[in-house]
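Understanding the architecture of this molecule
Spelled out, the chains give:
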Amino acid sequence: MTYGPDAVHELIVESGWSYPVSAGRLERNMPMENVVIDETGNSMMLSELLHDADVDRFENRDDLERKLGPVCEAESRARQSGIVDRLKRAFFG
């Protein structure tokens, strides 16, 4: 199973596209596509991932990994925390 930036790259390859690829094109053609973000199976919609990354385009696969990797890692860490940590974030930011 691929996850994180590799999963997004796989979507691009399966679509028959080549780099550079715009985030807008991905959002228009795959708005509800579910992307696995970590090895534990956590996932999010592609459009949400692209919005959180605040990117316009990906020049190549390295660029995609550089831009989406940190977002996937942060989201994965946020989802792995316990209930106490979630409550703290909710009330104290």
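The sections below set out a description of the structure shown in this document. Everything quoted here is computed from the prediction, not taken from an experiment.

Things to note about the packing of helix H1 (residues 5-14) against helix H4 (residues 61-80)
Across the interface, H1 lies against H4 with an axial gap of 8 Å and an inter-helix angle of 135°. Relative to H4, the element H1 is oriented oblique. The crossing of H1 and H4 is right-handed. On the side of H1, the interface is formed by Pro 5, Asp 6, Val 8, His 9 and Ile 12, while H4 contributes Arg 61, Leu 64, Glu 65, Leu 68, Gly 69 and Cys 72. Looking at side-chain class alone, the contact of H1 with H4 contains six nonpolar, two polar and three charged residues.

Observations concerning the pattern of salt bridges
Enumeration over the complete set of coordinates arrives at five salt bridges. Between Glu 65 and Arg 61 there is a salt bridge, with its nearest N and O atoms 3.1 Å apart. Of the two residues, Glu 65 and Arg 61 are both situated in helix H4; the distance of four residues between them amounts to about one turn of the helix. On the basis of relative accessibility, which here comes to 32%, the residue Glu 65 falls in the partly exposed class. Residues joined in a network through salt bridges with shared partners are Asp 6, Arg 61 and Glu 65.

With respect to the environment of Glu 59
Along the chain, Glu 59 falls in the loop between strand E4 (57-58) and H4. Between the C-alpha atom of Glu 59 and that of Val 21, which follows or precedes it by 38 residues, the distance is 6.7 Å. Each residue touching Glu 59, except ones within four places of it in the same chain, is listed here: Tyr 19 and Pro 20. In terms of polar contacts, Glu 59 uses its side chain to reach the side chain of Arg 57, at 2.8 Å.

Rules used throughout
Residues numbered from 1 in each chain as written. Predicted model: local features only at pLDDT ≥ 70, side-chain atom pairs only at ≥ 80, totals over all residues. Heavy atoms only, no water. Axes fitted to C-alpha atoms, helices over the stretch in contact; angles between N-to-C directions. Helix = DSSP H or I, 4+ residues; strand = E, 2+ residues; numbered from the N terminus. Parallel < 35°, antiparallel > 145°, perpendicular 65-115°, else oblique. Left-handed = near helix turned anticlockwise from the far one by under 90°. Contact = heavy atoms within 4.5 Å. Nonpolar A, V, L, I, M, F, W, Y, C, P; charged D, E, K, R; others polar. Salt bridge = Lys/Arg side-chain N within 4 Å of Asp/Glu carboxyl O. Buried < 20%, exposed > 50% of the residue type's maximum accessible area, 1.4 Å probe, protein only. Polar contact = N/O pair within 3.5 Å; in protein donor to acceptor, adjacent residues only side chain to side chain.

Read these as spatial facts, not as claims about activity.
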